[in-house]
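Geometric and topological summary
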Amino acid sequence: MTRHSLRLALAASLMSASAAHAAIFTDTFETYTTAPGFETFSTALAPIGGGVATWTVGGDVDVVSTSLSGFGTPASQGNYVLDLNGTGAGSITALLGGLVANQQYRVDFQYAGNMAGDLGVASRGFDVGIVGGASQFFDNPSTTFAEGAFTFTATGAFAQLRFAGNTASPYGGVIDNVSVAAVPEPHEWAMMLAGLGLVGWAARRRREQSGTAPMGVAA
Ligand SMILES: [Ca+2]
């Protein structure tokens, strides 16, 4: 293998690895309101100042300030979180594009419960899923955020990601830091490991050459 082809192989392997990890969708719920307490949304969550709505809303949901609701943990990002229950159970749905059919994707998020009221209702449960596909139930009736993850396999270029509250209360499951990324497949892991192996091989070779060959002499 020449140095040139080594560099090309290494670059291709690292590019493939980073592409597999890059998030294709993120939301921290910071751009929808500046209300000091909370604001209830129905129909859509659109960024302040206009632009394309990030989520369509079913029923209604609240964008809640962490200062109001006692979410004092560092797990949530920024000043706002999303309560999936507005006046009752609501939902948010986002269109994911640019997916690759049969590729696995992982939805990561943090979740807690809005415990500011209705404490007789023990559940702050909600479902995470793909519209027309699989879904998974999460429940964390605590203001301390937990890490959640939901994995799905794309059936085409698009999928609708939905978070849906399912308790009859104005105080529901709370989410923050939603991100979606492709899950590296076994052959991609193999390429990453091969890339690391090449890095080590090249480093060894440089050390050997620096000890034996004059500067400027190609291997
Ligand atoms: Ca946030």
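Refer to the structure above for everything that follows.
Quick summary incoming for the structure in this document. (Residues numbered from 1 in each chain as written. Predicted model: local features only at pLDDT ≥ 70, side-chain atom pairs only at ≥ 80, totals over all residues. Heavy atoms only, no water.)

Concerning the overall build of the protein
Rules: A run of H or I in DSSP counts as a helix once it spans at least four residues, and a run of E counts as a strand once it spans at least two, with each numbered from the N terminus. Burial classes: relative accessible area under 20% of the type maximum marks a residue as buried, over 50% as exposed, and values in between as partly exposed (1.4 Å probe, protein chains only). Every residue pair with non-hydrogen atoms within 4.5 Å of one another is taken to be in contact.
Scanning the protein for helices and strands turns up three helices and eleven strands. Along the protein, from the amino end to the carboxyl end, the secondary structure elements read α-β-β-β-α-β-β-β-β-β-β-β-β-α. Taken over 219 residues, the protein has a buried fraction of 41%. Relative to all contacts within the protein whose residues are 6 or more apart in sequence, the contacts with residues 24 or more apart total 74%.

Brief notes about the coordination of the calcium ion
The condition is simple: Excluding water, the donors of a metal are its N, O and S neighbours within 2.8 Å, or within 3.2 Å for Na, K and Ca, and that exclusion means sites may look incomplete. For four-coordinate sites, all angles between 85 and 135 degrees define a tetrahedron; for four- and six-coordinate sites, opposite donors beyond 155 degrees with the remaining angles between 65 and 115 define square planar and octahedral shapes respectively, and all other cases count as irregular.
For the calcium ion, the full set of protein donor atoms is Thr 28 (O), Glu 30 (OE), Gln 77 (O), Tyr 80 (O), Asp 176 (OD) and Asp 176 (OD), and the range of their distances to it is 2.2 to 2.6 Å. The site at the calcium ion holds six donor atoms, and with the angles between them running 50 to 158 degrees, its shape is irregular. When the donor residues of the calcium ion are listed from N- to C-terminus, their spacing reads T-x1-E-x46-Q-x2-Y-x95-D. Taken as a pair, Tyr 80 in strand β4 (residues 80-83) and Asp 176 in strand β11 (residues 173-182) lie far apart in primary sequence, 96 residues in all.

So, the nonpolar core
Our working definition: Only buried residues count toward a nonpolar core, which is a set of Ala, Val, Leu, Ile, Met, Phe, Trp, Tyr and Cys residues joined through side-chain atoms within 4.5 Å.
Ranked by size, the top nonpolar core spans 34 residues in total, and within it Trp 55, Ile 92, Phe 163 and Ile 175 carry the most contacts. Listed in part, the five residues of the second largest apolar core include Val 64, Ala 112, Phe 145 and Val 174.

With respect to the environment of Glu 30
Filter applied, for reference: Whenever two N or O atoms come within 3.5 Å, that pair is a polar contact, provided that in protein one can donate a hydrogen and the other can accept it, and provided that, for residues adjacent in sequence, both atoms are side-chain atoms.
Positionally, Glu 30 belongs in the loop between β1 (23-27) and β2 (38-45). Distance in space between the C-alpha atoms of Glu 30 and Asn 177 is 9.9 Å, their sequence separation being 147 residues. Discounting chain neighbours no more than four positions away, the residues touching Glu 30 are Gln 77, Gly 78, Asn 79 and Tyr 80. At 2.8 Å, the side chain of Glu 30 forms a polar contact with the backbone nitrogen of Asn 79.

Quick notes on the pairing of strand β7 (residues 126-130)
Threshold: We treat two strands as partners when DSSP finds at least two bridges between them.
Most of β7 is tucked away: four of the five residues are buried. The sheet contact formed by β7 and strand β8 (residues 135-138) spans four bridges and is antiparallel. Across the sheet, residue Asp 127 finds its bridge partner in β8, namely Phe 137. Summarising the sheet, β7 and strand β10 (residues 159-165) pair through five bridges and their orientation is antiparallel. Within β10, the position partnered with Ile 130 by the bridge is Leu 161.

With respect to unusual backbone geometry
Although it is not a glycine, Thr 43 sits at a positive phi angle of roughly 75 degrees. Within the secondary structure layout, Thr 43 lies in strand β2. In this structure, Asp 118 takes a positive phi of about 55 degrees despite not being glycine. Judged by its relative accessible area of 33%, Asp 118 is partly exposed.

Points about the environment of Thr 167
With respect to the secondary-structure elements, Thr 167 resides in the loop between β10 and β11. Sequence separation between Thr 167 and Arg 124 is 43 residues, and the spatial gap between their C-alpha atoms is 6.6 Å. Ignoring any residue separated from it by four or fewer positions in sequence, one finds Thr 167 in contact with Asn 85, Ala 89, Ser 123, Arg 124, Gly 125 and Gly 172.

Here we look at the pairing of β11
Among the ten residues in β11, eight count as buried, and that is most of the element. Where β1 meets β11, four bridges bridge the pair, whose relative direction is antiparallel. Each bridged residue has a counterpart across the sheet, and for Ala 23 the counterpart in β11 is Ala 181. As paired elements, β4 and β11 share two bridges and run antiparallel to each other. Its bridge partner lying in β11, Leu 82 is registered against Ile 175. Pairing between strand β6 (residues 104-113) and β11: eight bridges, direction antiparallel. Looking across to β11, one finds that Arg 106 is bridged to Ala 181.

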